[in-house]
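For reference, the chains in residue letters:
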Amino acid sequence: MSNVKIKQRGGPRILISRLSAIGDAILTLPVACALRAEFPDAYLGWVVERKAAPMVRGHRALDAVIQLDRKWFISPSGIQTARALLRPHQFDISIDCQGNTKSALAGWVSGAHQRIGFAGKHGGELSRLLNNVRVAPAFRHVTDRSLELLSPLGLHSPSVQWDLPVSDASVVWASRWRRTIASPRLAVLNPGGTWQSKLWEAARFAKTARYLKQKFGYQSAVVWGTSDERVMADEIVAKSGGAAVLAPHTDLHHLAALISHADLFISGDTGPLHIAVAVGTPTIGLYGATRPGDSGPYGQVAIQKAYERGSRRHRRNADNSAMRAITVADVCVAIDQVHAKQMLLQAA
């Protein structure tokens, strides 16, 4: 840890704290882009946990990515390790984009004197005690309210840019894989999700793939990560009547590159949905246990017909009845709208 080489810059030294959840880390990337645009000479770091690190590491705006273990904050030794990793960077400012104890604690142990975080309900747990500059956000969406945290630094309404870091090797691989799909139009379907309550049924994805094929000539590819998601993906392919194929197993970089070659992406509220937005693929998000106003596909289409009300724990452990309120017909209407918009853009 003592051998880490720290880049010297003339501007402020700023730490972004967004530790967990792949999707939320992606939704926070515009903070890094905005800071780099406003402070070209700043030293910018990001503290993140292992799972989301691939979506942050290598970002063009960042000088450093500090990776911590998932449960680093529950033991004195873990906190000491975090301190030893963060202190050499000599951060002046920390920006807590997550709003809970561990994200605020990371800023505090870094030694940053100005620690910016949320006031109100988005400043959860002990974050309001550990952060000493608090901003009451006016916006709901994760991306917009994270950007509001830059207002104490003089940034107001910055533009939203992603610049998702995707490796060159994965881009080459995805280009080769895309050439194996004969159809001129490719849709990517993502049936997986971290909560059961976020899952749409495999049979409905299969019917959607058939609609895409019959009406617009799309070939659909079904992506998957875990063994459970593979089972769902296989079911979709089997029921699609040849309209869908199984995508190869991918890591996050290869998944991002694959999605970037698609003409449409359909998914529930999970990390790959936000990857699709960040790489610029037209996206339809399906929502039941979360609100698209909070974490929807930014600037894209979201469908919600019912909401699983209750605490986060309740919504996480609920069944997918709210998702089942979304019919195949609902998704087909959204597909028609997205396709019409694409046609207008191509004609312009």
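Provided above is the structure to which this section pertains.
Residues numbered from 1 in each chain as written. Predicted model: local features only at pLDDT ≥ 70, side-chain atom pairs only at ≥ 80, totals over all residues. Heavy atoms only, no water.

A. Highlighting the pattern of salt bridges. In this structure the tally under the stated criterion is 12 salt bridges. Among the salt bridges present, the one from Asp69 reaches Arg50, with a minimum N-O distance of 3.1 Å. Here Asp69, found in the loop between β3 (64-68) and α2 (76-86), pairs with Arg50, found in the loop between β2 (43-49) and β3; they are 19 residues apart in sequence, far enough to count as distant. We classify Asp69 as partly exposed; its relative accessible area is 47%. For Arg50, a relative accessible area of 52% corresponds to the exposed category. Linking Asp163 and Arg60 is a salt bridge whose minimum nitrogen-to-oxygen distance equals 2.5 Å. Placement of the pair is Asp163 in the loop between α5 (142-148) and α6 (168-178) and Arg60 in the loop between β2 and β3, with a sequence separation of 103 residues. Residue Asp163 is classed as partly exposed on the basis of its relative accessible area, which comes to 32%. (Salt bridge = Lys/Arg side-chain N within 4 Å of Asp/Glu carboxyl O. Helix = DSSP H or I, 4+ residues; strand = E, 2+ residues; numbered from the N terminus. Buried < 20%, exposed > 50% of the residue type's maximum accessible area, 1.4 Å probe, protein only.)

B. Broad picture of the packing of aromatic side chains. Scanning all chains against the criterion turns up 5 aromatic pairs. Look at Trp162 and Tyr298: their rings are 5.9 Å apart centre to centre, the planes differ by 75°, and that puts the pair in the edge-to-face class. With a gap of 136 residues between them, Trp162 in the loop between α5 and α6 and Tyr298 in the loop between α11 (292-295) and β12 (301-304) connect regions that are remote in the sequence. Among the residues examined, Trp162 registers a relative accessible area of 11% and is labelled buried. When the ring of Trp200 is compared with that of Phe205, the centres are 5.1 Å apart and the planes differ by 80°; the resulting orientation is edge-to-face. Assigned by exposure class, Trp200 and Phe205 land together as buried. Positioned above the aromatic ring of Tyr43 is the side chain of Arg13, whose terminal nitrogen or guanidinium carbon lies 4.0 Å from the ring centre. (Phe/Tyr/Trp six-rings, centres within 6.5 Å; stacked < 30°, edge-to-face > 60°. Lys NZ or Arg CZ within 6 Å of the ring centre and 35° of its normal.)

C. Here's a closer look at a positive patch on the surface. Together, Lys51, Arg70, Lys71, Arg312 and Arg316 make up a region of like positive charge exposed at the surface. If you trace the backbone, Arg70 turns up in the loop between β3 and α2. With relative accessibility at 55%, the residue Arg70 sits in the exposed group. (Patch = residues over 30% accessible without salt bridge, like charges linked within 9 Å, V, L, I, M, F, W, Y side chains within 5 Å. Areas by Shrake-Rupley, 256 points an atom, 1.4 Å probe, with all protein chains shown as cover. Lys, Arg positive; Asp, Glu negative; His and termini not counted. Charge placed at Lys NZ, Arg CZ, Asp CG, Glu CD.)

D. Local environment of helix α3 (residues 101-109). Taken across its 9 residues, α3 has 8 buried, putting it largely inside the fold. For α3, the set of buried residues is Thr101, Lys102, Ser103, Ala104, Leu105, Ala106, Gly107 and Val109. Each element contacted by the buried residues of α3 is listed here: β1 (13-17), β2, α2, β4 (93-96), β5 (114-118) and α4 (127-130). Remark: Gly111 follows α3 within two positions and exhibits a positive phi of approximately 90°. (Contact = heavy atoms within 4.5 Å.)

E. View of unusual backbone geometry. Of note, Ser157 is a non-glycine position whose phi angle comes to about 55°, a positive value. With respect to the helices and strands, Ser157 occurs in the loop between α5 and α6. For Ser157, a relative accessible area of 74% corresponds to the exposed category.

F. Representation of the side chain of Arg13. By secondary structure assignment, the location of Arg13 is in strand β1. Excluding residues within four positions of it along the chain, Arg13 makes contact with Ile6, Lys7, Gln8, Tyr43, His89, Gln90, Phe91, Asp92 and Ile93.

G. Molecular detail of the pairing of β3. Burial of β3 is one-sided: the residues Ala64, Ile66 and Leu68 facing one way are buried, the residues Val65 and Gln67 facing the other way are not. Two elements, β2 and β3, share 5 bridges in a ladder whose sense is parallel. Considered in β3, the bridge of Gly45 is made with Ala64. (Pairing = 2+ DSSP bridges.)

H. Representation of the environment of Ala84 in the model. Relative to the assigned elements, Ala84 resides in helix α2. For Ala84, a relative accessible area of 29% gives the class partly exposed. In this structure, the C-alpha to C-alpha distance between Ala84 and Val109, residues 25 residues apart in sequence, is 8.9 Å.

I. Quick look at the environment of Glu49. Here Glu49 shows up in strand β2. On the accessibility criterion, Glu49 (4% relative accessible area) is buried. Sequence spacing of Glu49 and Ile66 is 17 residues, and the spatial spacing of their C-alpha atoms is 8.3 Å. Excluding residues within four positions of it along the chain, Glu49 makes contact with Leu19, Ser20, Gln67, Leu68, Asp69, Arg70, Trp72 and Lys102. A polar side-chain atom of Glu49 sits 3.0 Å from a polar atom in the side chain of Lys102. (Polar contact = N/O pair within 3.5 Å; in protein donor to acceptor, adjacent residues only side chain to side chain.)

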